[in-house]
Amino acid sequence: QVQLVESGGGLVQAGGSLRLSCEASGRTFTNYPLGWFRQAPRKEREFVALIISYNSTYYTDSVKGRFAISRDNAKNTVYLQMNSLKPEDTAVYYCAQFVGGIYYAVTSYNYWGQGTQVTVSS
């Protein structure tokens, strides 16, 4: 079983930056891909980014060029660097293990973390 713990959320002004962390435990970290999703109030959870290996990453169009996903296998941690933040980025951000299938589908992931709140003020 995998345990995932997110951190790094907070309140930031539009145009600012935050770095989210997702620390994994319970299995060999290097063997599985991890992704980030977000869920805004009254909206469905949506895909943000996925890292399969150091040079294999995927992003939703709205964050391309602003967000970067990376991993540090020595620390069992995946990061989401978020730059040029916009009010529409406000959401609870979750990390989850990708188990196969459509990479942007919620059903392709299991072992979700508890989430971390990101609020971007205008």
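Refer to the structure printed above.
A brief report on the enclosed structure follows. (Residues numbered from 1 in each chain as written. Predicted model: local features only at pLDDT ≥ 70, side-chain atom pairs only at ≥ 80, totals over all residues. Heavy atoms only, no water.)

In this section: the pattern of salt bridges. In the structure shown here, the tally under the stated rule is 4 salt bridges. Notably, a salt bridge pairs aspartate 89 with arginine 38, separated by 2.9 Å at the nearest N-O pair. Residue aspartate 89 is found in the loop between β8 (77-82) and β9 (91-98), and its partner arginine 38 is found in strand β4 (residues 34-39); the two are separated by 51 residues along the sequence. As far as burial versus exposure is concerned, aspartate 89 and arginine 38 are alike and both buried. In this structure, aspartate 61 engages lysine 64 in a salt bridge whose closest nitrogen and oxygen atoms are separated by 3.1 Å. Through salt bridges that share partners, Arg38, Glu46, Arg66 and Asp89 make up one connected network. (Salt bridge = Lys/Arg side-chain N within 4 Å of Asp/Glu carboxyl O. Helix = DSSP H or I, 4+ residues; strand = E, 2+ residues; numbered from the N terminus. Buried < 20%, exposed > 50% of the residue type's maximum accessible area, 1.4 Å probe, protein only.)

Right, let's talk about the layout of surface pockets for a bit. Empty space left among the atoms is revealed by rolling a probe the size of a water molecule over them. Reported here for the largest pocket is a volume of approximately 160 Å³. Class assignment for the residues of the lining of the largest pocket results in 3 nonpolar, 2 polar and 6 charged. (1 Å grid on protein atoms, 1.4 Å probe; cavity = no way out; pocket = protein on both sides within 12 Å on 5 of 7 lines; lining within 4 Å. Points joined across faces, edges and corners; volume = space filled by probe spheres on them. Nonpolar A, V, L, I, M, F, W, Y, C, P; charged D, E, K, R; others polar.)

Before going further, it helps to examine the sheet that holds β8. If you trace the 4 strands from one edge of the open sheet to the other, you get β1-β3-β8-β7, paired in antiparallel fashion. In the strand order of this sheet, the two ends are held by β1 (3-7) and β7 (67-72), each with one partner. With direction set aside, neighbouring strand axes in the sheet form an average angle of 15°. With 5 bridges joining them, β1 and strand β3 (residues 18-25) adopt antiparallel strand pairing. Across the sheet, residue leucine 4 finds its bridge partner in β3, namely alanine 24. (Pairing = 2+ DSSP bridges. Axes fitted to C-alpha atoms, helices over the stretch in contact; angles between N-to-C directions.)

What follows is about the packing of aromatic side chains. Applying the stated criterion across every chain yields a total of 9 aromatic pairs. Centre to centre, the rings of phenylalanine 98 and tyrosine 109 are 5.3 Å apart; their planes meet at 55°, and the pair counts as tilted. Separated by 11 residues along the polypeptide, phenylalanine 98 in strand β9 and tyrosine 109 in strand β10 (residues 109-110) bring together distant segments of the chain. Accessibility expressed as a relative area gives 12% for phenylalanine 98, which makes it buried. For tyrosine 109, a relative accessible area of 6% gives the class buried. Site record: aromatic cluster; members linked through ring pairs are Phe37, Phe47, Tyr58, Tyr94, Phe98, Tyr103, Tyr104, Tyr109 and Trp112. Taking the ring centre of tyrosine 79 as reference, the NZ or CZ of arginine 19 above it sits at 4.2 Å. The positively charged end of arginine 45 is found above the aromatic ring belonging to tryptophan 112, 4.8 Å away from the centroid. (Phe/Tyr/Trp six-rings, centres within 6.5 Å; stacked < 30°, edge-to-face > 60°. Lys NZ or Arg CZ within 6 Å of the ring centre and 35° of its normal.)

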